[in-house]
Structure formats: C-alpha cells, structure tokens
Amino acid sequence: MSGAEGEILRIARALRASGPLCDECFGRPFAQRGRGWSNADRGRALRVLLSMSKSPSHLEDPARSGCWVCGGLFAEVDRWAERAAASAAPFEYETYLFGVTLPPRLAAAESLLEERFPTGTGESMKHAFNRELGKAFERLTGRGTVSFSAPDLTFQVDPAADALSVRAAPLFVAGRYRKLARGIPQTHWPCRACRGRGCSACGGTGKQYPESVEELIAGPFVVAARAQSARLHGAGREDIDARAPPHQGHLSLLPERAQGGQKHERVAQGRGPDDEQVH
Ligand SMILES: [Zn+2]
Ligand SMILES: [Zn+2]
C-alpha cells in the first residue's frame, strides 16, 4: 500500500467515526483524487472499502438527511434541479450558472470538517453543490452548458429560505436610426411641471413630449422579445430639434416580469436593423 492510500484510509476511518455523513460529504475531502468519479462515487467506494468485513446492508447510506456536514443538502439536488427547470422554461437560453447561499450552519460545519480532517485534496461544498445541481439540471432539461463568465440564466439557490431565483442576461440590440422630424427627444422626458406624476400641463401623461425616439424604437422590440422594459443608450447627445444624421443607438431590453419577488430579464441575443427610421 502506498503512503497516499494509507493516508486516505486513515482519514476515511476517522471521517466515518465522526458522525453520520452522506456519500457526497464522505467523498468530497478526496475530490482531487482520481478522475472521472463523482464525490458520491468516492464516498461510496470508501464505504465499501471500510465495510469489506461486513454485509452489504451496512452500505445503505443512512445519512442522506442526517449528514452532520451538509444537513441533507445534497439529497435535495434533484428537487432543486426540478425547480430550476420550471423557472427556466419561459426563457430561451444556451448557458446557465448556479450559485448557492450556504446557510451559516453548513458553512461552519464545512470549516470544522476541513479543520479536523485536512486532506489537501478536497473541494468546497458550494462548488460541489453547484456542479452537481448543474449536472442534474442538464439531465432533466436535456440542454444547456455551464458558463462562468456570461451565462444566459443565473440561478441562485437559498436553502435556508427554500427559495430559488433566476435572472436572465439582458438582450442588447445595436443599431442606427434616422430622425426625419423635429420635436422628438431622444429619450423620454418627464414633464417639467409635475416631474412625471401627471398634471394638467401634460394632460396627465407625465411627459414633456408625447413621444421619444426611445419609446418609438423600443416598443416593437419589447413586444418581439416579450420584455418588460427597454432603455435606449444613445451614442452622443442630440438636440430635440435636430433632424439627425444616422445616429448610433444601443438598446437594452430589461426584466420580463417578476417571479418570487425577483426581477427577471428576458434572454436572447441578436442584432437590430442597421437603420431604424423614426418619422
Ligand atoms: Zn452531506
Ligand atoms: Zn405634468
């Protein structure tokens, strides 16, 4: 037996004696040992190894919900994946990312685990949970790949609050417009008299001008993208009375609707027409 194997066995025995552990938490301290295994595979292998002299009934994982480290968090992966899949259904997406807010009790238990059983080959509970959840989500939906830099959908799981929220990346559309009439501001101007609340001066609209380039252009995009709102970011300021030469515009479409108290944004990627005319 090599030194490394002896060390693994020694720590595994101590771990087993530390209290009820699920396979995930049993295997996670050895996450960097061997490739192609899940942490649950590692935990189960160690359990088999340490139980060679006993009957297979000893291998039943008694600790799925009683695990002293994760408190049963990993037993809930499939349930969270189902919730995520349901939340993702209204969106178009290709990439996703999961995040988890670890309850302080679990974070403390994890610190204790690392302190008492230092292996130097472990993986954080957060990292392992997010990955396992992603795998379950992909199995369930049959689509999606994880993206750490620019995910279309970002899920946040909060086990303590039993809450899952999803946020979609906004849709950016770049294009140009030509303004062929005067008297239309680039963006929506609140009424000077009432500051947008609506008064007799503005006929209750709250607007200084009845329409704006932003509103005229954004309207069809909001409908097409099933977005909740849109904002025009003009390149450079233009005077209200200008009849503009081809003008750079940048449209971002924002939250579709609120669910579970969280703002949702519509996902899609695309380019707008090169020349949006406003009359
Ligand atoms: Zn556990
Ligand atoms: Zn007003």
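We now turn to the structure provided with this report.

Cut-off values and rules
- Residues numbered from 1 in each chain as written.
- Chains lettered and ligands numbered in written order.
- Predicted model: local features only at pLDDT ≥ 70, side-chain atom pairs only at ≥ 80, totals over all residues.
- Helix = DSSP H or I, 4+ residues; strand = E, 2+ residues; numbered from the N terminus.
- Buried ≥ 20, exposed ≤ 12 C-beta atoms within 10 Å, placed from the backbone.
- Contact = placed C-beta atoms within 7 Å.
- Pairing = 2+ DSSP bridges.
- Axes fitted to C-alpha atoms, helices over the stretch in contact; angles between N-to-C directions.
- Expected span 1.5 Å × (residues − 1).
- Arc of directions from axis to C-beta.
- Core = buried A, V, L, I, M, F, W, Y, C linked by C-beta atoms within 7 Å.

Attention shifts here to the overall build of the chain. Along the chain, the regular secondary structure elements total seven helices and ten strands. In the chain, which comprises 279 residues, the share counted as buried stands at 28%. Taking all contacts inside the chain whose residues are at least 6 apart in sequence as the whole, residues at least 24 apart take part in 70%.

Another aspect to go through is the sheet that holds strand β3 (residues 153-158). Taking strand neighbours across the sheet as the criterion, the four strands line up as β2-β1-β3-β4 in an open arrangement whose pairing is mixed. Edge strands, defined here as strands with exactly one partner in the open sheet, are β2 (145-146) and β4 (163-168). Contacts from helix α4 (residues 77-88) reach β3 and β4 within the one sheet, and its direction differs from that of β4 by about 35 degrees.

Attention now goes to helix α6 (residues 125-141). End to end, α6 covers 24 Å across 17 residues, agreeing with the expected 24 Å (1.5 Å per residue, within 8%). Three or more residues of α6 are buried, namely M125, A128, F129, E132, L133, G134 and F137. Where the residues of α6 are buried, they touch α2 (23-27), α3 (39-50), α4, β1 (95-100), α5 (104-116) and β2. One or two positions beyond α6, positive phi appears at G142, with a value near 70 degrees.

For the rest of this paragraph, the subject is the pairing of β1. In β1, alternate side chains face the same way, and those of Y96, F98 and V100 are buried while those of T95, L97 and G99 on the opposite face are not. For β1 and β2, the ladder comprises two bridges, and the chain directions are parallel. Counted as the bridge partner of Y96 is V146 from β2. Where β1 lies against β3, five bridges are found, and the strand directions are parallel. The residue of β3 that forms the bridge with L97 is T154.

On to α3. The first and last C-alpha atoms of α3 sit 16 Å apart over twelve residues, in line with the 16 Å expected at 1.5 Å per residue. Among all positions of α3, only N39, A40, R42, G43 and L46 are buried. What you see down the axis of α3 is that its buried residues fit within an arc of 160 degrees, all on one side. On its buried face, α3 is in contact with α1 (3-17), α2 and α6.

C70 and F155 are the most contacted members of the largest nonpolar core, which has 36 residues in total. Residue contributions to this core peak at five residues, all from α6. With residues near it in sequence (within four places) discarded, C70 still touches C22, E24, C25, L106 and M125. Residues V173, V213, F221 and A225 belong to the second largest nonpolar core, which totals twelve residues.

Another aspect to go through is the environment of H188. Within the element layout of this structure, H188 appears in the loop between β5 (171-179) and α7 (213-224). For the pair H188 and P210, spaced 22 residues apart in sequence, the C-alpha to C-alpha distance is 8.7 Å. Among residues more than four places away in sequence, those in contact with H188 are K207, S212, E214 and E215.

Before going further, it helps to spend a moment on unusual backbone geometry. Despite not being glycine, D162 shows a phi value in the positive range, around 50 degrees. With respect to the element layout, D162 can be found in the loop between β3 and β4. In this model, R226 sits at a positive phi of 50 degrees, which is unusual for a non-glycine residue. Examined against the element boundaries, R226 turns out to sit in the loop between α7 and β6 (229-234).

So far we have only geometry, and geometry alone does not tell us how the molecule works.
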